[in-house]
Each structure stands twice: as C-alpha cells, then as structure tokens.
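# Observations on chain architecture
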Amino acid sequence: MQVFQLISEVKTYLSLQKQQHKTIGFVPTMGALHQGHISLINESKKVCDITVCSIFVNPTQFNNANDLTRYPRTPEVDIQLLEQAGCDVLYMPDVKDVYPTTDTRQFNFGYLDTILEAEHRPGHYNGVGQVVSILLTGIEPNKAFFGSKDYQQVMIVKALVKQLKLPVEIISCPILREDDGLAMSSRNMLLTPEERKIAKLVPIMMEEARDIAKQIGVSAAKSYIHNEVVKVPIMKLDYYEVCDTETLEPLTALKPNQQAISLIAVFVGNIRLIDNWMID
Ligand code: AMP
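Residues numbered from 1 in each chain as written. Predicted model: local features only at pLDDT ≥ 70, side-chain atom pairs only at ≥ 80, totals over all residues. Heavy atoms only, no water.

## A word on the side chain of N188
Structurally, the position occupied by N188 is in the loop between β6 (169-173) and α9 (193-199). Looking at N188, the relative accessible area reads 10%, which means it is buried. A polar side-chain atom of N188 sits 3.0 Å from the main-chain carbonyl oxygen of A183. If we ignore the near neighbours within four places in the chain, the residues touching N188 are E178, L182, A183 and L273. (Helix = DSSP H or I, 4+ residues; strand = E, 2+ residues; numbered from the N terminus. Buried < 20%, exposed > 50% of the residue type's maximum accessible area, 1.4 Å probe, protein only. Polar contact = N/O pair within 3.5 Å; in protein donor to acceptor, adjacent residues only side chain to side chain. Contact = heavy atoms within 4.5 Å.)

The following block contains the structure:
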C-alpha cells in the first residue's frame, strides 16, 4: 500500500493509474478503523481497479471541541488493517494539507440541514461538505463509498455532488454490526465495559420499536423508545424519529407502501451513538 501525506503525491500517483484507464474507488474515513470501514474498502475493491482510503479527523465537522480532542486515533493499527484488506493507497494528511487556508464556504443543503443530526450538531454538515468536496476534488475518484450508518450524511454528500457537479458516483453501503447488534463505530472503543453492555440495548430497542411502529403506530414506537431510555440512568436520548427514506421528513403515521426509516442518536455516558433501522 502506498501511504501519502500530501494530496500532490496522491494526485501524481493516481494520474499514472488514470492514464492506464484504471478506475478509482475512494473511501473517506476519520480512522480508528473497524470492520465497518473495511467493508467499504471491500466494496470498492469489488468494482474499482484502485482503492484509495483517506484518514483525516476533520476539525470543521466537530461542533464540540471535547469530541474532537477525544476522538480515537489508532494510525498503526489502521495501516495494518488497510494492508490486510488490500487497499492500494492511503492518504493521511495533516490539517494544513487539507485546509492550506481557512475554508469559509457555506453550503446550502436546505431542509436536510435542519433536522436530526443537523439540528443536534449545528454546523456539522457544513464541515462534512467542506472536507468531502476537498477530498473528492483532489482525488477525482470514479466512485466514492459511504456507510448507511450515517444515513443523513449519504443524502448530504449526494446533494453536495449534485450542487458542485462533481463527476463521481456515490455508493451507499450497509451497516456492519457487532455480534450483539451494536452498529460498529470508532466511538464504541471509548465506551467503558459497563457502558458497552448498556450500548447493546440500542439495537434491541430499535428492533422492538420498528415492530411497534408497524403494528401499532409511529407515536407508540416513539413512546416506547423514550420510556426504555429513561429506565437506564446513563442513557440520554438526543432524538428518535421515523422518517420518509427519500426526504427524511418525520412521519406521524405509516401509509401503505410508505418507505420509512427510524433514526436514533443516544448518549451512553458521554459517548454519543447513532443508528438507524429500516421499517420495511
Ligand atoms: P467515519 O470514520 O466514522 O467518518 O466513517 C467513515 C465511513 O465509514 C463513513 O462513510 C461511515 O458511514 C462508514 N461507517 C462507519 N461505521 C460503519 C458501519 N458500522 N458499517 C458500515 N459503514 C460504516
């Protein structure tokens, strides 16, 4: 695997590959890699000739300074995992290479940037827009792979690519889960053993709430989640919503043939976890 710290080096390497008509797949990450990230590398390898991964903890998408400072960083293990997965190129820049000057751009993602994660993490998606546009413009991949664990993020990235007319296909990949159902996340490694036991309640509640939404209704599902979370002292609900899969507008009832998704953000201790379950 080629490891580069500068985008100029990545560009030089990839221009040779592009001259040979190789297709480029790109997987942007913030590191502290787990099998969820590796599943994106595998998807890219299936359909592209060259797979590029980036590891960059993007400061502009953190609305909370503490969250940025304590974000896990495990570069040596990350490199090993990517080598084992057969990733071709790793771009591991420092802040100056990504932002030689302050990025003052303000994106307009409309309604999508007012709800759920956007409402609870103001400015977060503007930072995501900044870093993703810089990375996609620098690397110019044919396809870029994102996890549907960050469901709203995938929608934002698709809107970004459309607005900026970037010639890249955005591919949404399934959520990988631990054996007990907890969605894999870099933040899981910050949980204490006691918190980790509590965290596994999240997928259990989400599955039960999905069934309640289908059998009784959306407000019953919401009450169920609120009641379950309140029972656990170290849990605090940020939001739970049932939304239209295409628009992310919150639903109060499921209509026949309605494609719906339930989305949650919940604190376990100080660690904020997100997850989503389709209501099929
Ligand atoms: P992050 O490093 O958290 O910014 O995530 C980098 C990419 O990996 C994003 O597209 C995430 O949606 C994706 N990802 C994170 N966790 C998972 C997971 N459990 N399953 C699949 N993809 C994931």
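Here the narrative resumes.
## Concerning the pattern of salt bridges
One pass over the full model with this rule turns up 14 salt bridges. With a shortest N-O distance of 3.1 Å, E241 and K222 are connected by a salt bridge. Placement of the pair is E241 in strand β7 (residues 235-244) and K222 in helix α11 (residues 218-231), with a sequence separation of 19 residues. Across the pair K231 and E228 runs a salt bridge whose closest N-O atoms are separated by 2.7 Å. Of the two residues, K231 and E228 both sit in helix α11, 3 residues apart, roughly one turn of that helix. Residue classification places K231 among the exposed positions, given a relative accessible area of 59%. Several salt bridges converge on common partners, so that one network encompasses D67, R121 and R187. (Salt bridge = Lys/Arg side-chain N within 4 Å of Asp/Glu carboxyl O.)

## Observations concerning the packing of aromatic side chains
Given two aromatic rings, their pairing is described by the distance between the two centres and the angle made by the two planes. This model, assessed by the stated rule, comprises 4 aromatic pairs. On the numbers, 5.8 Å between centres and 50° between planes, the contact of F4 with Y13 is tilted. Accessibility expressed as a relative area gives 11% for F4, which makes it buried. Relative to F109, the ring of F107 lies with its centre 5.5 Å away and its plane at 15°, an arrangement referred to as stacked. The exposure class of F107 is buried, given its relative accessible area of 14%. For F109, a relative accessible area of 7% gives the class buried. (Phe/Tyr/Trp six-rings, centres within 6.5 Å; stacked < 30°, edge-to-face > 60°.)

## Focus: the state of the cysteines
Applying the stated criterion to the full structure yields 0 disulfides. Left without a disulfide partner, C53 is nearest to the cysteine sulfur of C87, which lies 5.2 Å away. (Disulfide = S-S within 2.5 Å.)

## Quick notes on the site of the ligand
Neighbouring the ligand are 16 residues, the closest being M30, G147, D150, L176 and M184. Between the ligand and G147 there is a distance of 2.9 Å, counted from an oxygen atom to a backbone nitrogen or oxygen. Between an oxygen atom of the ligand and a side-chain N or O atom of D150, the distance comes to 2.6 Å. Listing elements by their share of the shell around the ligand, those giving two or more residues are β2 (24-29), α2 (35-47) and β5 (143-147). Along the lines of polarity and charge, the residues of the shell around the ligand split into 9 nonpolar, 5 polar and 2 charged. (Near = heavy atom within 4 Å. Nonpolar A, V, L, I, M, F, W, Y, C, P; charged D, E, K, R; others polar.)

## Remarks on the environment of K236
Within the secondary structure layout, K236 lies in strand β7. For K236, a relative accessible area of 53% translates into the label exposed. Residues K236 and G269, spaced 33 residues apart in sequence, show a C-alpha to C-alpha distance of 8.0 Å. Setting aside residues up to four positions removed in sequence, K236 forms contacts with V229, V266 and F267.

## Let's talk about the domain arrangement of the protein chain
Considered domain by domain, the protein chain is made up of domain 1 (2-173) and domain 2 (186-275). Spacing between the C-alpha centres of domain 1 and domain 2 amounts to 26 Å. Facing the 22 residues of domain 1 at the interface are 21 residues of domain 2. By the criterion of area lost to domain 2, the three top residues of domain 1 are R70, L116 and Y151, representing 32% of everything that side buries. At the junction of domain 1 with domain 2, the criterion picks out 2 salt bridges. Note that R187 and D67 form a salt bridge whose closest N and O atoms lie 2.9 Å from each other. The interface formed by domain 1 and domain 2 contains 8 residue pairs in polar contact (both at pLDDT 80 or more). Sorting the residues of the side of domain 1 that touches domain 2 by element identifies α6 (116-120) and α8 (151-163) as the ones contributing at least two each. Across the side of domain 1 that touches domain 2, the residue classes tally to 10 nonpolar, 6 polar and 6 charged. (Domains from an automatic or database assignment. Buried area = accessible area lost by both parts, 1.4 Å probe.)

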